[in-house]
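Read off the chains here:
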Amino acid sequence: MTARPPTFPASTVLGYPRIGPHRELKRALESYWDGRSTYQDLQSTGRRLREETWRRLDGLGLGALPSGTFSLYDQMLDTAVLLGAVPDRYRGGTSEEAYFAMARGAEGVAPLRMTKWFDTNYHYIVPEIGPDTSFRLDATKPLSEVREARELGLETRPVLVGPVTFLLLSQAAPGAPAEFAPLDRLADVLGVYEELLQELAAEGVEWVQLDEPALVTDRTGVQLAAVRTTYERLGGLADRPALFVASYFGDLGDALPVLAATPVEAIGLDLVAGSVPGSVPGIGAAADETALPGKAALPGKAALPGKAALPGKAALPETTARPGKALLAGKTVVAGVVSGRDVWRTDQERALATLLAVREQAGHVVVSTSCSLLHVPYDLDLEPGLDPDVRRRLAFADQKVAEVVELAALLAATPNAAPVGGPTTPAAGQPAKTNAAPEPAKEHTPEHTPEHMLVRSPYAVRAAAQAEHLRLPPLPVTTIGSFPQTGELREARAALAAGELDEAAYDDLVRAEIARAVALQERLGLDVLVHGEPERNDMVQYFAEHLDGFAVTGNGWVQSYGSRCTRPPILYGDVRRPEPITVRWAHHAQSLTDKPVKGMLTGPVTIVAWSFVRDDIPLRDVVFQVADAIGYEVRDLEAAGVTVIQVDEPALRELMPLRREDQDAYLEWAVAAYRRATSGAGDRTQIHTHLCYSDADQILDAIDALDADVTTIESARSGARILDEEAIGDFERGLGPGVYDIHSPRVPSTWEIEVALKAALRVLPADRVWVNPDCGLKTRTYDQVEAALTNLVSAARHLRGDQ
Ligand code: GLN
Ligand code: ZN
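Basis of the calculations
- Residues numbered from 1 in each chain as written.
- Chains lettered and ligands numbered in written order.
- Predicted model: local features only at pLDDT ≥ 70, side-chain atom pairs only at ≥ 80, totals over all residues.
- Helix = DSSP H or I, 4+ residues; strand = E, 2+ residues; numbered from the N terminus.
- Buried ≥ 20, exposed ≤ 12 C-beta atoms within 10 Å, placed from the backbone.
- Contact = placed C-beta atoms within 7 Å.
- Pairing = 2+ DSSP bridges.
- Axes fitted to C-alpha atoms, helices over the stretch in contact; angles between N-to-C directions.
- Core = buried A, V, L, I, M, F, W, Y, C linked by C-beta atoms within 7 Å.
- Expected span 1.5 Å × (residues − 1).
- UniProt positions renumbered as here; feature names shortened; annotations may be inferred.
- Parallel < 35°, antiparallel > 145°, perpendicular 65-115°, else oblique.
- Left-handed = near helix turned anticlockwise from the far one by under 90°.
- pLDDT = per-residue confidence, 0-100.

Remarks on the overall build of the protein
Each helix and strand in the protein was counted, giving 25 helices and 21 strands. Among the 803 residues that make up the protein, the fraction classed as buried is 49%. Of the contacts formed within the protein by residues at least 6 apart in sequence, a portion of 79% connects residues at least 24 apart.

Below you can see the structure in the form of C-alpha cells.
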C-alpha cells in the first residue's frame, strides 16, 4: 500500500446467506448431482443468487458489499481450490468434478473430512496439506465475482479465508511425517496470497477481507508469530488493496496486539461474543454465569476434561494486558455489534454505546455484523405464521442488515462524548429493541428443581437392579433410535400440516410404521428395541413443537453443510412441557413386544445447541429449564412401563466455549443439566445416552460424569479413538462404540463388526460392551438396515459363543 488507504464505507456485513431464500441452491445442487441438470444450470442459479444478494444489500442501503461469500459448497474448500491445493487423488476430471469429489466423494474416492466451523452448526471441508502440496493460484472465483457485481454497477470487497486460519484448520495430508503441521507451509501459501492481492489490485479492487476466526481461540506463541509474519508480509506488498482482517466468534485476546502492530488497515472485532478492547468485559456479550447449582455435585472426577494442553505463550514479546487506546489508533475498526449468530433484534442503545467506545480508540469505525450472516435465515418477511409477540423481537439477515445501516446513521449523527441515551437515540414510544422475555416462572428456576431429580443410586447398585430386571445377554444388540424415514411418512406429515390429512389418519400411519420397525427388530433378534422415531421430523424440532417457549419457522433455513440445511427452532421464552410428548408412542411400541423398547428423548444441551436461544437470561438457566421439561418426560415414560430410556446428547461438545479457560465451567453445568433430566429415574430403569460428532475421546470424563448407565457413541468414523486404553481410562459404565458408519450405504460385514467388538473387549468387560451402529438409521433404506443389523446380531452371537 503506497498511497493513503481508501476510506471504508460506514456500514457492511461480513457475509450473507447463500443457499437461497427458498433454498434455490440446494435444489440446483441436488438436481445437478442427480444428473437432472447441467453444471451450466447450476452456475446460472449461483449467478442469479449472487446478483439478488448484491441488489438486496445495496437496496437496503449497506455501504460496503462483500463478494466471494457465495459458495457452491464451502468456503474452506473454495480456498483450497484458490490455492491449487487439490490432492492428486481428486484430479483427472474437470475442475468441478474435482471440487465435488473433495466435498462428497466420487467413484472409488472418499470425500475429504468435514467438521464443525468453530462453535457453529456449520460444517466445513477440511483441506489436506502436506510437505509436497504444490500451491498455484487459481483466482477465477474472486475475480469473476468482482466483475459480475461490476456489471450491475456495484463495487465489492472480496472475502477470503485468511492464510493463518486456512492452515490452522487444515489437516496434514496422509503420509506426512508426524512432526509436520500445515502451518509449516505458511511461506509458500503467502506467496500465493501475495500474487492474488496483486491481481485484485490490478483489477481495481480497493479492499479485501481476510477472515481469521481461528485467532479467537487459544493460540501458541508460534502461531501468533505466524500471524505477525503473515500480515507484515502481505501488508508490506507494494501493490495491493487495503487489507481488512476480520475476526469473529470471540475476542482476539493475545492476537490483537500482534495484528494491530502489522500494517493492515482494518481489523474486524466481534463485539457481541467479545468485548471492546481495554473495556470492562461484557459489553455486548450476554450474561454468562458459571456457578453450579449447589445440589448437582459431580462424582469424584476432579479435572474435567483435562486433556487439551495449554498454549505456550513463551515465544512472544510481552503484550499489554489491557490493550489501550494507542493500539487501534490509526486503524479502521469494523465493529461487529449486530449479532450474526442469533435471530434477535439488536439493543440499539447498547450497540451505540459500544460503537462510541470503539470510536474513542480507533481511527475510523465501520458498523458491521459480528460474523457472517450465514448462520441466520434470510428474511423475517418469509415467516407470516409467527406469533406477532415473538416476531416483534426477531431480526433475520435482512433485518440485521437494516439494523447495521441504521446504527451507522445514528453513529454518524452522534457527536463524540455525547451522553448515551441523548437526543440521537431512538425516541420513546418506539418498540423496545431488547430481547427481554417475561420474568421466568419461579418453579422453573434452577433452585426449584424437585430434589428427586438430582440423585440416583450408585452405578453398581443400579447395574445390579437392571441386570436382574432386564436379563440381557452379554454384548446386547441395539440401535440408536431412528429407522428409515419413508417418503410416504414425510408426505403424510406435509399433508397433516396443510390440513389435507386428519390427525387420526396420520397417527395410524405412524403406528403402522412403529409396528413394522418393532417386527423387524424382533425377527432379526435385537435385544433392546427402538420404536424408530417415525413421528419425528427432526430430533430437536419435534420437541420444540411440543414444548412451550419455542417457536418454529416455516422457511427459516440455515445452511449446515453443502446442500443441507436445518430450521433451528426459536427458544424465546420459559420452557415448559404442557403434556407428555413421547409417551403414547413409546407405550404403543412396548405393547407390541416382550423385549424392552427404549424410550427416546433428546437431551437439554442438544435441544438448546440446535435452536436459536433467548439471550436475556444465562444460557445455563435456559438449558436447566429444558432439562426439567425432559426430566418430567423421563418420569412419565417410566410410569408408563418403559424401562430403558435414552436421552441423546450428540451436541454436548458443540456448545463448548472456544477458549480453554471457559471450558470446565461449561462442562460442569452441561453435565449437571443432563443429570437433572435423567436422575428422576429409578434404579431399575436403564438410562442410555448417545453422542456423535463429539470427539468423544476428548471429553470422556464429562461423558462419564453424565452418569448414564449406557453410552452409545460414534466410533467407526473416528478410527475407534475412543477405545484407546488411555482414553477409555477408568470409564465405569456400559459403552456401545458404534461398530459401523451409518452415513454410508455400505453394509458392514460380520467379520469387520467382530473386529470392532474385539477391540472394545480388549478394554472393557463383555457385560459392559453394547453392539450398535454409529448413529440413527434415518437416512438409510430398509434393505440396507436389514442387511447391516443381521450382521450385527450374528457378530454378537458369534462372540458370545451362541453359534
Ligand atoms: N436418536 C437419534 C436418531 O437415531 C439420534 C440422532 C443423532 O445422534 N444425531 O436419529
Ligand atoms: Zn448420532
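Right, picking up where we left off after that structure.
A few points about the sheet that holds strand E16 (residues 598-602)
Sheets are built from strands paired through backbone hydrogen bonds, the pairs being either parallel or antiparallel. If you walk across this open sheet you meet the five strands as E16-E18-E19-E20-E21, and the pairing is parallel. Looking along the sheet, the strands with just one partner apiece sit at the ends: E16 and strand E21 (734-737). On average, adjacent strands in this sheet sit at an angle of 20° to one another, irrespective of strand direction. In this structure, strand E20 (residues 710-713) lies alongside E21, joined through four bridges in parallel fashion. Each bridged residue has a counterpart across the sheet, and for Thr 712 the counterpart in E21 is Gly 736.

Overview of the nonpolar core
One finds Leu 259, Ala 335, Leu 355, Val 367, Ala 673 and Leu 792 to be the most contacted residues of the largest nonpolar core, which totals 215 residues. The element contributing the most residues to this core is helix H20 (residues 619-639), with 10 residues. The residues touching Ala 335, leaving out its near neighbours within four places in the chain, are Leu 269, Leu 271, Thr 354, Leu 355, Val 358, Val 365, Val 366, Val 367 and Ser 368.

Some remarks on the sheet that holds strand E15 (residues 570-576)
Ordered in space as E12-E15-E17, the three strands form an open sheet in which the pairing is mixed. At either end of the open sheet lies a strand with only one pairing partner, and these are strand E12 (548-551) and strand E17 (612-613). As paired strands, E15 and E17 are joined by two bridges and run parallel to one another. Residue pairing across strands places Ile 570 opposite Phe 612, the latter belonging to E17. Lying on the sheet, H20 is in contact with E15 and E17; it crosses E15 at an angle near 55°.

With respect to helix H11 (residues 348-361)
Helix length check: H11 (14 residues) gives 20 Å between terminal C-alpha atoms against 20 Å at 1.5 Å per residue, within 8%. For H11, the set of buried residues is Gln 348, Ala 351, Leu 352, Thr 354, Leu 355, Ala 357, Val 358 and Gln 361.

Notes on the UniProt feature "domain: Cobalamin-independent methionine synthase MetE N-terminal" (unreviewed entry) in the protein
UniProt's entry tags residues 11-274 with the feature "domain: Cobalamin-independent methionine synthase MetE N-terminal" (unreviewed entry), counted in the numbering of this structure. As annotated, residues 11-274 has a helix share of 40% and a strand share of 13%, and its two end C-alpha atoms lie 19 Å apart.

Some thoughts on the packing of H20 against helix H21 (residues 660-678)
Packed helix pairs are characterised by how far apart their axes lie and by the angle those axes make with each other. Running from N to C, H20 and H21 point in directions that differ by 25°, and their axes come no closer than 6 Å. Relative to H21, the element H20 lies roughly parallel. Seen from above, H20 lies across H21 with right-handed handedness. Here Arg 620, Val 623, Phe 624, Ala 627, Asp 628, Ile 630, Gly 631 and Val 634 of H20 come into contact with H21, specifically with Trp 669, Ala 673, Arg 676, Ala 677 and Thr 678.

Quick notes on the environment of Leu 380
Take Leu 380: it is sitting in the loop between strand E11 (364-369) and helix H12 (388-391). On the basis of neighbour counts, which here come to 20 C-beta atoms within 10 Å, the residue Leu 380 falls in the buried class. Once residues within four sequence positions are removed from consideration, Leu 380 is found in contact with Arg 391, Leu 394, Ala 395, Phe 396 and Gln 399.

Quick notes on the environment of Glu 649
Within the fold, Glu 649 resides in the loop between strand E18 (644-648) and H21. Look at Glu 649 and you get buried, because 29 C-beta atoms sit within 10 Å. Residues Glu 649 and Leu 723, 74 residues apart in the sequence, show an inter-C-alpha distance of 20 Å.

A few points about the UniProt feature "binding site: L-methionine" (unreviewed entry) in the protein
Sequence positions flagged by UniProt for "binding site: L-methionine" (unreviewed entry) are, in local numbering, Ile 480, Gly 481, Ser 482, Glu 533 and Asp 648. In three dimensions, the annotated residues from a span of 169 residues occupy one location, with a maximal C-alpha spread of 12.9 Å. For Ser 482, the position within the fold is in the loop between helix H14 (459-470) and helix H15 (487-497). Among the residues examined, Ser 482 registers 22 C-beta atoms within 10 Å and is labelled buried. The residues contacting Ser 482, other than those within four sequence positions of it, are Gly 532, Glu 533, Gly 776, Leu 777 and Lys 778.

Here's the deal with the confidence of the model for the protein
When pLDDT drops low, the exact placement of atoms in the prediction is not to be read closely. Averaged over all residues, the pLDDT of the protein equals 89, while 88% of them reach at least 70. Low confidence marks residues 280-323, where pLDDT is under 50. Its contacts with residues over four positions away, or in another chain, come to 80 contacts. Scored below 50 in pLDDT, residues 421-434 shows 15 contacts in the model against residues more than four places distant or in partner chains. Taken over the whole predicted complex, pTM reads 0.89, whereas the ipTM for its chain interfaces reads 0.99.

What about unusual backbone geometry?
Positive phi is not limited to glycine here, since Leu 475 has a value of about 50°. Mapped onto the elements, Leu 475 comes out in the loop between H14 and H15. Here Leu 475 falls in the buried class, since 23 other C-beta atoms lie within 10 Å of it. Despite not being glycine, Asp 707 has its phi angle at roughly 70°, a positive value. A residue is classified by how many C-beta atoms lie within 10 Å of it, and Asp 707, with 21 of them, is buried.

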